[in-house]
Amino acid sequence: MSVLRGRHLLRARWALLTLLIALFVVNDLTIAVAQFIAPHAAMVDFRVYFSAAQALAHGKSPYITPPLCCFNARAMSGYTYPPLFAFVLIPLTRLSADSAGRVWLVVNYASLIGVLLIGVRTAHPRLSVETIAWLILLMLASPQIGAAMYGIQVDPFVLLLEAVFAWSIVTGRAPVIGGLALALAACLRSEEHTSELQSHHD
């Protein structure tokens, strides 16, 4: 009797899981298609990154000129990250903001798939099919991932680099690649006050 009940519970759990994944896949695909059609890249976070890349492409600083003294919130209203990500985006400055945003969206989606694959292949003991399905649901339903995709942010790519570092540590393989991935992740997304950097630049 308990075995039969366990089977019914397993089937019910799988039915619920399948239904939730299907609902979120439809929802996320609808949002993704709409975003590819009209990224509105000039109205979301990507605008800041793209503007910084355009400034570098024209030989200008990506940072807002800081006040002569004291802290001013205006100094933190624009691009406030290390310049590496702006340099990465320079090749995309030949495109419109929306076209560049579409390219980075592809990078972000590929990064999320890469994170999932690395996690599944690295986990010990091996994850069950059901656990992998729950992980997929978690990624599909994550508001943080949704916000990062909506803003066409760098976070999914940074997450991929961190996953590569974690894979290197767990498996004990390719330590140089793992270290480089972590260093690159830190250089791409380490938010910091840039007034001192800008003052030296000036």
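Rules used in this analysis
- Residues numbered from 1 in each chain as written.
- Predicted model: local features only at pLDDT ≥ 70, side-chain atom pairs only at ≥ 80, totals over all residues.
- Heavy atoms only, no water.
- Phe/Tyr/Trp six-rings, centres within 6.5 Å; stacked < 30°, edge-to-face > 60°.
- Helix = DSSP H or I, 4+ residues; strand = E, 2+ residues; numbered from the N terminus.
- Salt bridge = Lys/Arg side-chain N within 4 Å of Asp/Glu carboxyl O.
- Buried < 20%, exposed > 50% of the residue type's maximum accessible area, 1.4 Å probe, protein only.
- pLDDT = per-residue confidence, 0-100.
- Contact = heavy atoms within 4.5 Å.
- Core = buried A, V, L, I, M, F, W, Y, C linked by side-chain atoms within 4.5 Å.
- Expected span 1.5 Å × (residues − 1).

(A) Local environment of the packing of aromatic side chains. Tallied over the entire structure, the rule returns eight aromatic pairs. A ring pair is formed by Y63 and Y79, whose centres lie 5.8 Å apart and whose planes are at 40 degrees; its orientation type is tilted. Pair noted here: Y63 is in the loop between α2 (46–57) and α3 (84–89) and Y79 is in the loop between α2 and α3, with a separation of 16 residues, a long-range link. Counting every residue linked through ring pairs, the aromatic cluster contains Y49, Y63, Y79, Y81, F85, W104 and F157.

(B) Representation of the pattern of salt bridges. For the structure shown, the criterion picks out one salt bridge. Residue R13 pairs with E130 through a salt bridge whose shortest N-O separation is 2.4 Å. You can see R13 sitting in helix α1 (residues 2–37) and its partner E130 sitting in helix α5 (residues 129–141), a full 117 residues away along the chain. Taking the relative accessible area as the measure of exposure, R13 reaches 35% and is therefore partly exposed.

(C) Geometry of the confidence of the model for the chain. Mean pLDDT over the chain works out to 86, with 85% of the residues at or above the 70 mark. No element of the chain has a lower mean pLDDT than helix α9 (residues 195–201), which averages 41, and none a higher one than helix α4 (residues 97–122), which averages 95. Taken together, the stretch residues 192–202 has pLDDT below 50 and engages in 19 contacts with residues farther than four places along the chain or on a different chain.

(D) Local environment of the environment of S51. Relative to the elements of secondary structure, S51 occurs in helix α2. Put simply, S51 and A97 are 46 residues apart on the chain and 9.0 Å apart in space, counted from C-alpha to C-alpha.

(E) The arrangement of the nonpolar core in detail. Among the nonpolar cores identified, the biggest contains 30 residues, and F46, Y49, Y79, F85, L89, W104 and I152 are the most heavily contacted of them. Of all the secondary-structure elements, those providing two or more residues to this core are α2, α3, α4, α6 (143–150), α7 (155–171) and α8 (175–189). Sort the elements by how many residues they give to this core and α2 lands first, with seven residues. Apart from residues no more than four positions distant in its own chain, L89 is found in contact with F46, Y49, F50, A53 and W104.

(F) Representation of α2 within the structure. The end-to-end C-alpha distance of α2, which contains 12 residues, comes to 16 Å, matching closely the 16 Å that a straight helix rising 1.5 Å per residue would cover. Those residues of α2 not exposed but buried are F46, V48, Y49, F50, A52, A53, A55 and L56. Contacts made by the buried residues of α2 are with α3, α4 and α8. The positive-phi residue at the C-terminal boundary of α2 is G59, with phi of around 75 degrees.

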